[in-house]
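Remarks on the overall topology
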Amino acid sequence: MGKIIVSAPGKLILSGEHSVVYGHPALLTAVDRRCFVEVEKRDKSKIVIDDNYFGTGEFSIRKLQQFAKKAQEAWREFDETNNISKLSFVKEDNFGLVKIAVATVFEKTIKRDGGLVLKIKSDIPIGSGMGSSAALSVAIIGTLLRLTTDMFDKKEINRLAFEVEKKIHGKPSGGDNTIVIHGGLLVFQKNKGFEFADLKKDAGVNFLVIQTGRPVESTGEMVSAVRQKIQSVSRRTHYKFQKIIQRMGRVTEKFIRIFKKADFSQLKQLILENEKLLEQLGVVSGRTKKLIKELENLGVAAKICGAGGIKENSGVVLALVDHKDDIDQLLAKREIENFKIKINQRGVKLEKGQS
Ligand code: PMV
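Residues numbered from 1 in each chain as written. Predicted model: local features only at pLDDT ≥ 70, side-chain atom pairs only at ≥ 80, totals over all residues. Heavy atoms only, no water.

As a further point, take the overall build of the protein chain. Assigned secondary structure in the protein chain consists of 11 helices and 12 strands. Here the C-alpha atoms of the protein chain give a radius of gyration of 20 Å, agreeing with the 20 Å that 2.2 N^0.38 yields for 355 residues. Each principal axis of the C-alpha atoms in the protein chain carries an extent, and together these give about 60 × 45 × 40 Å. Taking all 355 residues of the protein chain together, the buried fraction comes to 55%. Nonlocal contacts in the protein chain, meaning residues at least 24 apart in sequence, comprise 76% of its contacts between residues at least 6 apart. Total accessible area on the protein chain stands at roughly 16300 Å², and carbon and sulfur atoms take up 47% of it. (Helix = DSSP H or I, 4+ residues; strand = E, 2+ residues; numbered from the N terminus. Rg over C-alpha atoms; globule rule 2.2 N^0.38 Å. Buried < 20%, exposed > 50% of the residue type's maximum accessible area, 1.4 Å probe, protein only. Contact = heavy atoms within 4.5 Å. Areas by Shrake-Rupley, 256 points an atom, 1.4 Å probe, with all protein chains shown as cover.)

Below you can see the structure in the form of structure tokens.
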């Protein structure tokens, strides 16, 4: 088999980030930004990684396996202590995810002597709530499983990608890898699985992604910060945050109903409500809150998408925009990156490498 290419989409959480961790549903969609991974065997023994964002690196499979083993041990310690800093070294290594994903497949399959060239091309913003890590894990595992076993089994790719995601994010809900695999628009509930929220017709709504910048905090750190509030020894704090999570769950149920019915008259109101709850949960930075308020003053509803960030940036913001001209001036003046986004896009795809 020659080159194998697998692509996987980025994602957005339309509603339900954080509350999904506590068993409430989340509404997720695959979007029209993708990660492409191309893999080819080479004669020399090392594994070459060529990433359009992080540059190149060359490693022996043994080194990758050692790194993955260290990450597995660190995850076990994190599981016992809830101390997410145990996993910091994975995030700090530009190739941390790639190393673990490659080693995860090679641990399962034959030991091999030959090397590989792995080329990564992605236009999904990194670490900003658009599922860049899930798309990369899924695409790497998809190519390597195809190369080593000749299979392209989505269930197995999903299972292994979730194992990789755990080393990056600690205890993710599993929503990101699931939407990246299946694509479309789906309702995900932890430990229950997912169902497609079939869109009866084109949503006909215009979404804009506004990039506030990569947060300093990782998803794992944000999830841990929320968990600490919910598990607070102060009963007042505990109840306050538990209530916010419950309200988020109810807002998401309304979101799901309006997408299933394709009646978007209430969408703006729901996005506003959702953002307020995320702010009360404490996952939106002061800077991002200010920007969202300015958008609201111009009649645009917007919410952060994903884990968020408190210290500086909060990742991407999803804005429901009727007339883009209204906010163009504001975004241009501040030089804030933004782009239109399509929802309900295709999941993982074997682009090249049919046997
Ligand atoms: O920021 P992202 O894309 O990693 O999304 C995280 C979503 C959370 O609900 C905060 C965590 C999760 O695992 O679902």
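Resuming the write-up.
Under the defined criterion, the tally for this structure stands at 14 salt bridges. The partner of D176 in a salt bridge is K11, and the shortest N-O contact between them spans 3.0 Å. In this pair, D176 sits in helix α6 (residues 175-182) while K11 sits in strand β1 (residues 4-15), placing the two residues 165 residues apart along the sequence. Exposure remark for D176: the relative accessible area of 18% places this residue in the buried category. As a salt-bridge pair, E296 and K276 come within 3.2 Å of each other at their nearest N and O atoms. Of this pair, E296 sits in helix α10 (residues 286-297) while K276 is found in helix α9 (residues 267-281), placing the two residues 20 residues apart along the sequence. (Salt bridge = Lys/Arg side-chain N within 4 Å of Asp/Glu carboxyl O.)

Moving on: helix α7 (residues 219-230). Its 12 residues place the ends of α7 17 Å apart at the C-alpha level, agreeing with the 16 Å of an ideal helix rising 1.5 Å per residue. Listing the buried residues of α7 in full gives G220, M222, V223, S224, V226, R227 and I230. Elements in contact with the buried residues of α7: α1 (61-81), α5 (154-169), α8 (235-261) and α9. (Expected span 1.5 Å × (residues − 1).)

A few words now on the sheet that holds strand β9 (residues 301-304). Spatially, four strands are ordered β9-β10-β8-β11 in an open sheet, and the strand pairing comes out antiparallel. Of all the strands in the sheet, the pair left with one neighbour each is β9 and β11 (338-341). Ignoring which end each strand starts from, the neighbouring axes of this sheet average 25° apart. In the sheet, β9 pairs with strand β10 (residues 316-320) via four bridges, with the strands oriented antiparallel. By the bridge assignment for β10, I304 is matched with V317. Lying on the sheet, α10 is in contact with β8 (207-211), β9 and β10; it crosses β9 at an angle near 160°. (Pairing = 2+ DSSP bridges. Axes fitted to C-alpha atoms, helices over the stretch in contact; angles between N-to-C directions.)

This paragraph deals with the packing of aromatic side chains. Tallied over the full model, the rule gives six aromatic pairs. Aromatic pair F59 and F95: ring centres 5.9 Å apart, planes at 70°, arrangement edge-to-face. Linking F59 in strand β4 (residues 55-59) with F95 in the loop between α2 (88-92) and α3 (96-108), this pair joins segments that are 36 residues apart in sequence. Residue F59 is classed as buried on the basis of its relative accessible area of 17%. Their ring planes at 85° and their centres at 5.6 Å tell us that F194 and F196 sit as a pair that is edge-to-face. The class of F196 is partly exposed, set by a relative accessible area of 39%. One Lys or Arg, K166, reaches over the ring of W75 and ends 4.9 Å from the middle of that ring. Residue placement shows K171 over the ring face of F78; its charged tip is 5.5 Å from the ring centre. (Phe/Tyr/Trp six-rings, centres within 6.5 Å; stacked < 30°, edge-to-face > 60°. Lys NZ or Arg CZ within 6 Å of the ring centre and 35° of its normal.)

The local shell around the ligand holds 14 residues, among which K11, H18, S173, T219 and A307 are the closest. In this structure, D176 approaches the ligand through a side-chain N or O atom, which is 3.4 Å from an oxygen atom. Here an oxygen atom of the ligand sits 2.8 Å away from a polar atom, N or O, in the side chain of T219. Expressed as a share of its isolated accessible area of 380 Å², the protein-covered part of the ligand is 94%. Listing elements by their share of the shell around the ligand, those giving two or more residues are β1 and α7. Looking at the shell around the ligand residue by residue, the classes come out as six nonpolar, five polar and three charged. (Near = heavy atom within 4 Å. Polar contact = N/O pair within 3.5 Å; in protein donor to acceptor, adjacent residues only side chain to side chain. Nonpolar A, V, L, I, M, F, W, Y, C, P; charged D, E, K, R; others polar.)

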